[in-house]
Structures are given as C-alpha cells and as structure tokens.
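Architecture at a glance
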Amino acid sequence: MKFFTARKELNQYLQLQKKSGCSIGFTPTMGALHDGHLALIKKSKQENNISVCSIFVNPAQFNDKADFEKYPQTLETDINLLEKINCDILFAPTVNEIYQQPDNPDEIYALGFLDKTLEGLYRPGHFQGVCKVMYRLLTIVDADNLYMGQKDYQQCMVVKKLIELADFKVQLHICKTIREENGLAMSSRNMRLSVKQKEAALAIYQSLIYIKKEISKSMPSLIIENVKKKLVESGFEKIDYVSVANATNLELINEWDGKTPLVALVAAFIGNVRLIDNMILAED
Ligand code: AMP
C-alpha cells in the first residue's frame, strides 16, 4: 500500500494513473476502522483499478470539542487492516495540509433544509464542516467513484448535494450499513462504550425494527413516543431525535399515506457517546 500525507503528491500520482486509463475509487473515513469501512473499500476494489482510503479526523465537522478530542485514533491498526485487504493507497494528511488557507467566511454551502433538520439541527455547523473537508478531498483525489455508508444517511444526502453544487464528476455509491451479529450498527464510537453500554446500545436497532413493524398500523407520533420510552428504559440518557421522514428529502412525516418512501432515524446518547442509526421503512 502506498502512503501519502501531502495533497500535491497524491494528486499528481493519481492524475498520472488516470491519464494511463486507471479508474479511481475513493473511501473517505475518520479512521478507527471497522468492518463497515472495510466493506466500502472492498466494494471500491471490485469496481476500480485503484482504491484510495483517506483517514482524517476533520475538526471542522465537530460541533462538540470534547467529542473531537475523544475521537479514537488507531492509525497503526488501521494500516494493518488496510494492508490485509490490499487497499492501494492511504491518504492521511495533517489538519494543516487539508486547511492550508486561513478559514474563509464565504465558504458556505447552500444545503437548504438538509442543514436545518435532524443532524443539521442538533449539530449546528456539522454539515458545513463535512462539505469543507469533502470539497477538498474530492478535489485532491478526483475519483471516478465515491463510496459512503447508509449508516450516515443524511450525510450521504449532503454529499450528493455538494457533488451537484460543485459539479464534481464523481459517482456516489451508498453502501448498506454493516452491523454486528446482534444488529448494532458498527461505528468507531462503539470503541468508547463499555460491554454493558454496548448491550444497551442495541436498543436503537431494536427500535428501528419496531418502527418498521408498526408503521403501517399506527401513527408515527405514537410509535415514536413508545420508542423514546424504550430507549430511556434501556439506558439511553439523552435522545436527540427519533424521527420518521420522507426518504428522499427528510421532511418529517406525521401521517403516512402508505406510498411515500420512508426512513426512520435515531440519534441518542449512552453516557457521553452519541450514536446514530437509521432504517429504510418503505422504498420508492
Ligand atoms: P466515519 O469514519 O465514521 O466518518 O465513516 C466513514 C465512512 O464509512 C462513511 O461513509 C460512513 O457512512 C461509513 N460507515 C461508517 N460506519 C459504517 C457501517 N457500520 N456500515 C457501513 N458504512 C459505514
């Protein structure tokens, strides 16, 4: 595996590869890699000549300083995992390398409603930070294919919007959420949970299954109330949201017409660890 830390060197190398006809697949991550990340890279490897993974804990997308400081960093282990699956390139830049210019107050991405609901509402500035880093990474890597996880449903929608806004010529592939055997969505943040907390965290997945089962029988608001109660009983100390939304635009749904594509989304805290998950309830 080739290891780059300088954006210019990586860009020059990849441009040469592109000129010789190679396709490039890109998986951006914040490291502390698990099987969810590796599934994206494996798919990239199947579909491209060269697969690039980036590891960069992006300060611009953390609205909570403590969350940023506690974010797990396991570079040595990550490198071993990437080598095991024959990832071609790792890009692990420093913060200065990515944000070379001083912060430009005019760098604002017109995300509209996406920036105001759910994660946008509870993590102000988060998606602007995601766009800042993704704009830079997509410019540096100039990939043909981009692999992201449905686990971060709203983030996928934001990046799709960024690709349109900036007219990037990259194809976004949204890959299914990889779960532990018991259903818990894999997440780097799970590393910060005790064994007991990890067991309790399973309640999010169970809630999503419950919502899917109930959605054709009762009102979303009633289902959501039940779920919130169950999450608290299971040990979740704070719930940001339990929502049922239109899967194409994230407008919240109070009464389902039986046709609109639906997604259920949850964000809640166990201790000071914030977990998110989602499930498609009804497809288009
Ligand atoms: P992160 O390192 O958390 O920023 O995630 C990097 C990429 O991996 C994002 O596109 C995530 O959506 C994706 N990802 C994270 N967890 C999972 C998972 N359990 N299954 C599939 N993709 C995931």
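Notes on the structure in this doc start here.

Definitions and limits used
Residues numbered from 1 in each chain as written. Predicted model: local features only at pLDDT ≥ 70, side-chain atom pairs only at ≥ 80, totals over all residues. Heavy atoms only, no water. Axes fitted to C-alpha atoms, helices over the stretch in contact; angles between N-to-C directions. Helix = DSSP H or I, 4+ residues; strand = E, 2+ residues; numbered from the N terminus. Parallel < 35°, antiparallel > 145°, perpendicular 65-115°, else oblique. Left-handed = near helix turned anticlockwise from the far one by under 90°. Contact = heavy atoms within 4.5 Å. Nonpolar A, V, L, I, M, F, W, Y, C, P; charged D, E, K, R; others polar. Pairing = 2+ DSSP bridges. Salt bridge = Lys/Arg side-chain N within 4 Å of Asp/Glu carboxyl O. Buried < 20%, exposed > 50% of the residue type's maximum accessible area, 1.4 Å probe, protein only. Near = heavy atom within 4 Å. Polar contact = N/O pair within 3.5 Å; in protein donor to acceptor, adjacent residues only side chain to side chain. Areas by Shrake-Rupley, 256 points an atom, 1.4 Å probe, with all protein chains shown as cover.

1. Describing the packing of helix H7 (residues 126-141) against helix H8 (residues 153-166)
Packed helices, taken two at a time, are described by the angle between their axes plus the distance between the axes. Orientation of H7 relative to H8, taken along the N-to-C sense of each, is 55 degrees, at an axis distance of 10 Å. Considering the angle they form, H7 stands oblique to H8. With respect to the hand of their crossing, H7 and H8 are arranged in right-handed fashion. Contacts between H7 and H8 involve Phe-127, Val-130, Cys-131, Met-134, Tyr-135 and Leu-138 on the former and, on the latter, Gln-154, Gln-155, Val-158, Val-159, Leu-162, Ile-163 and Ala-166. In the contact of H7 with H8, the residues fall into eleven nonpolar, two polar and no charged.

2. Concerning the sheet that holds strand E9 (residues 273-282)
Read from one edge of the open sheet, three strands run E7-E8-E9, paired in antiparallel fashion. A strand with exactly one partner marks an edge of an open sheet, and here the two such strands are strand E7 (238-246) and E9. Along the sheet, successive strands turn relative to each other by an average axial angle of 10 degrees, direction set aside. In the sheet, E7 pairs with strand E8 (residues 262-270) via eight bridges, with the strands oriented antiparallel. Counterpart to Ala-245 in the pairing with E8 is Val-263.

3. Regarding the pattern of salt bridges
The final tally for this structure, using the stated rule, is 16 salt bridges. For Asp-67, the salt bridge goes to Arg-189, with nearest N and O atoms at 2.8 Å. Of this pair, Asp-67 sits in helix H3 (residues 65-70) while Arg-189 is found in the loop between strand E6 (171-175) and helix H9 (195-214), placing the two residues 122 residues apart along the sequence. Assessed through its relative accessible area of 15%, Asp-67 is described here as buried. Note on Arg-189: relative accessible area 13%, which makes it buried. A salt bridge links Glu-119 to Arg-274; its shortest N-O distance comes to 2.8 Å. Residue Glu-119 is found in helix H6 (residues 119-122), and its partner Arg-274 is found in strand E9; the two are separated by 155 residues along the sequence. For the pair Glu-119 and Arg-274, a shared accessibility class is recorded, and that class is buried.

4. A short note on the site of the ligand
Looking at the ligand, there are 16 residues lining it, with Met-30, His-37, Asp-152, Ile-178 and Met-186 nearest. The contact in question runs from an oxygen atom of the ligand to an N or O atom on the side chain of Asp-152, over 2.6 Å. Within the backbone of Met-186, an N or O atom sits 2.9 Å from a nitrogen atom of the ligand. For the ligand, the protein covers 92% of the area, taking 480 Å² as the surface of the free molecule. Looking at the shell around the ligand, the element that brings in the most residues is helix H2 (residues 35-47), giving three residues. Looking at side-chain class alone, the shell around the ligand contains seven nonpolar, six polar and three charged residues.

5. A word on unusual backbone geometry
Most peptide bonds take the trans configuration, and most residues that are not glycine carry a negative phi. In the Ramachandran plot, Leu-118 falls in the positive-phi region, its phi being about 45 degrees despite a non-glycine side chain. You can call Leu-118 buried: its relative accessible area is 4%. Backbone geometry at Asp-167 places phi at a positive 55 degrees, although glycine is not the residue there. By secondary structure assignment, the location of Asp-167 is in the loop between H8 and E6.

6. What about the sheet that holds strand E1 (residues 2-4)?
Pairing is parallel across the open sheet formed by six strands, whose spatial order is E1-E4-E3-E2-E5-E6. A strand with exactly one partner marks an edge of an open sheet, and here the two such strands are E1 and E6. Neighbour to neighbour, the strand axes of the sheet diverge by 25 degrees on average, direction disregarded. Strand direction decides the pairing type here: strand E2 (residues 24-29) and strand E5 (residues 145-149), joined by two bridges, are parallel. The residue of E5 that forms the bridge with Phe-26 is Leu-146.

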